[in-house]
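These are the residues of each chain, in order.
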Amino acid sequence: MKFFIDTANLDQIREAQDLGVLDGVTTNPSLMAKEGITGRENILQHYKDICAIATGDVSAEVISTTYDEMIKEGEELAALHEQIVVKVPMIKDGIKAIKYFSDKGIRTNCTLVFSCGQALLAAKAGATYVSPFIGRLDDISTDGLNLITEIRHIYDNYMFDTQILAASVRHTMHVIDCAKIGADVMTGPLSSIEGLLRHPLTDSGLAKFLADYEKGNK
């Protein structure tokens with residue numbers, strides 16, 4: 001399973017990259033705003049800055065919601081850097097845009113997916129990634145992980161190339177569960193990745209090894 005980090009914070013991206021397990025970055029307008037990145041030129045430059053740090057795919061989201069504007073904006077984003085994947089919302093014009101981009105060889109990430117039907121449409125249109133938001137489904141008492149399982153079943157039935165990118169991952173158990181049920185990619189905060197490092201027996205075991213070493217090497 002690929003690990004993406006869901007942030008626009010350059011320090012966190014750098015830290016995840018330095019860990020040696022980062023495969024890509026996802027962003028959205030809310031994450032950009034959180035980092036104080038505003039204005040078209042500043043946003044475009046920030047995408048370039050992210051690509052200079054991360055070595056994998058970087059999802060850059062269109063703001064437009066009409067077909068013609070999404071095409072114009074998506075082509076501009078794709079031209080920024082070879083790592084850019086154009087992030088397109090799951091709406092009617094978005095599906096049309098994904099088909100256009102797919103035919104042109106521009107990679108896409110279909111975002112804001114909350115049902116199997118939406119995921120099926122995205123795959124049919126040729127999306128590179130489909131992003132089911134599991135955390136947001138959990139927030140409304142719906143099983144987000146079950147959606148990943150169902151999409152995996154459908155995609156395997158028909159050998160779709162579209163990769164399942166589990167989005168809105170909130171914590172480490174989400175990461176582990178997504179790996180168990182066959183998500184191709186997960187994207188979450190740095191804390192969800194670093195949480196995989198921790199186990200109390202690792203801490204206590206290392207402390208004992210070091211203490212025993214000190215006893216015998218004074």
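The model shown is predicted, which means the values in this text are computed figures rather than measured ones.

## Concerning helix α3 (residues 40–53)
Piece 1. For α3, built from 14 residues, the straight-helix expectation of 20 Å at 1.5 Å per residue is met to within 8% by its first-to-last C-alpha distance of 21 Å.
Piece 2. Listing the buried residues of α3 in full gives Leu44, His46, Tyr47, Ile50, Cys51 and Ile53.
Piece 3. Close packing links the buried residues of α3 with α1 (10–19), β2 (24–26), α2 (29–34), β3 (57–61), α4 (67–78) and β4 (84–89).

## Points about the packing of aromatic side chains
Piece 1. For the coordinates displayed, the defined rule picks out 6 aromatic pairs.
Piece 2. Pairing Phe114 with Phe133 gives two aromatic rings, centres 5.7 Å apart and planes at 50°, and the pair type is tilted. Separated by 19 residues along the polypeptide, Phe114 in the loop between β5 (108–113) and α6 (116–125) and Phe133 in the loop between β6 (129–132) and α7 (134–139) bring together distant segments of the chain.
Piece 3. On the basis of relative accessible area, Phe114 is assigned to the partly exposed category, the value being 31%.
Piece 4. Put simply, the rings of Tyr67, Tyr100 and Phe101 pair up and form one aromatic cluster.
Piece 5. Sitting over the ring of Tyr67, Lys96 keeps its end group 5.2 Å from the ring centre.

## Description of the sheet that holds strand β7 (residues 163–166)
Each strand in a sheet pairs with another by means of backbone hydrogen bonds, the pair being arranged parallel or else antiparallel.
Piece 1. Strands sit in the order β1-β2-β3-β4-β5-β6-β7-β8 around a closed barrel of 8 strands; the barrel is parallel. Ignoring which end each strand starts from, the neighbouring axes of this sheet average 30° apart.
Piece 2. Bridge analysis of strand β1 (residues 2–6) against β2 gives 3 bridges, and the strand direction is parallel. The residue of β2 that forms the bridge with Ile5 is Val25.
Piece 3. Of the strands in this sheet, β2, β3 and β4 touch α3, which is tilted by about 165° from β3.

## Regarding the nonpolar core
The nonpolar side chains of soluble globular proteins are, as a tendency, buried together.
Piece 1. Counting 57 residues, the largest nonpolar core has Ile13, Val25, Leu77 and Ile84 as its most contacted members.
Piece 2. When neighbours within four sequence positions are excluded, Val25 is seen to be in contact with Phe4, Ile5, Thr7, Ile13, Ile50, Ala54, Asp57, Val58 and Ser59.

## Description of the UniProt feature "active site" (unreviewed entry) in the protein chain
Piece 1. Mapped onto this structure's residue numbering, the UniProt feature "active site" (unreviewed entry) falls at Lys87.
Piece 2. Mapped onto the fold, Lys87 is located in strand β4.
Piece 3. For Lys87, a relative accessible area of 5% corresponds to the buried category.

## Examining the environment of Ile71
Piece 1. Summarising the element assignment, Ile71 is placed in helix α4.
Piece 2. Classification of Ile71 by relative accessible area gives buried; the value is 10%.
Piece 3. When the C-alpha positions of Ile71 and Gly94 are compared, they lie 9.4 Å apart, and in sequence the two are 23 residues distant.
Piece 4. Sequence-distant contacts of Ile71, that is, excluding residues within four places in its chain, are made with Ala97, Tyr100 and Phe101.

## As for the pairing of β1
Piece 1. Where β1 lies against strand β8 (residues 185–188), 4 bridges are found, and the strand directions are parallel. Looking across to β8, one finds that Phe3 is bridged to Met186.
Piece 2. One crossover worth recording links β1 to the parallel β2 by way of α1, and it is right-handed.

## Remarks on unusual backbone geometry
Piece 1. At Leu112, a residue that is not glycine, the phi angle is positive and equals roughly 60°.
Piece 2. If you check the backbone angles, Met159 has positive phi at about 55° while not being a glycine.
Piece 3. On the secondary structure map, Met159 appears in the loop between α8 (144–158) and β7.
Piece 4. Taking the relative accessible area as the measure of exposure, Met159 reaches 67% and is therefore exposed.

Conventions adopted
- Residue numbers run consecutively from 1 along every chain, following the written order of its sequence.
- With the structure being a predicted model, the display of local features is reserved for residues of pLDDT at least 70 and the display and counting of side-chain atom pairs for 80 or more, all residues being used for whole-chain, interface and lining totals.
- Computation of side-chain values: all heavy atoms of the structure, hydrogens and water removed.
- Strands here are runs of E lasting at least two residues and helices are runs of H or I lasting at least four, both read from the DSSP assignment and numbered beginning at the N terminus.
- The span you would expect from a helix comes to 1.5 Å times its residue count less one.
- When accessible area is computed with a 1.4 Å probe and restricted to protein chains, residues below 20% of their type maximum are described as buried, those above 50% as exposed, and intermediate ones as partly exposed.
- What makes two residues a contact is simply this: any of their non-hydrogen atoms within 4.5 Å.
- Aromatic contacts are taken between Phe, Tyr and Trp rings whose centres are within 6.5 Å, Trp giving its six-membered ring; a plane angle under 30 degrees counts as stacked, one over 60 as edge-to-face, and the others as tilted.
- For a ring to carry a charge above it, either NZ of a lysine or CZ of an arginine must fall within 6 Å of the ring centroid while also lying within 35 degrees of the normal to the ring plane.
- One bridge is not enough; two strands pair if DSSP finds at least two bridges between them.
- Lines are fitted to the C-alpha atoms to define the axes, a helix being fitted only along its stretch in contact, and any angle between axes, read from their N-to-C directions, falls within 0 to 180 degrees.
- We call a set of buried residues a nonpolar core when its members are Ala, Val, Leu, Ile, Met, Phe, Trp, Tyr or Cys and they connect through side-chain atoms within 4.5 Å of each other.
- UniProt positions are given in the numbering used here, feature names are shortened, and annotations may be inferred rather than shown by experiment.
- With the strands pointing away from the viewer, any crossover whose connection runs clockwise from the first strand over the helix to the second is right-handed.

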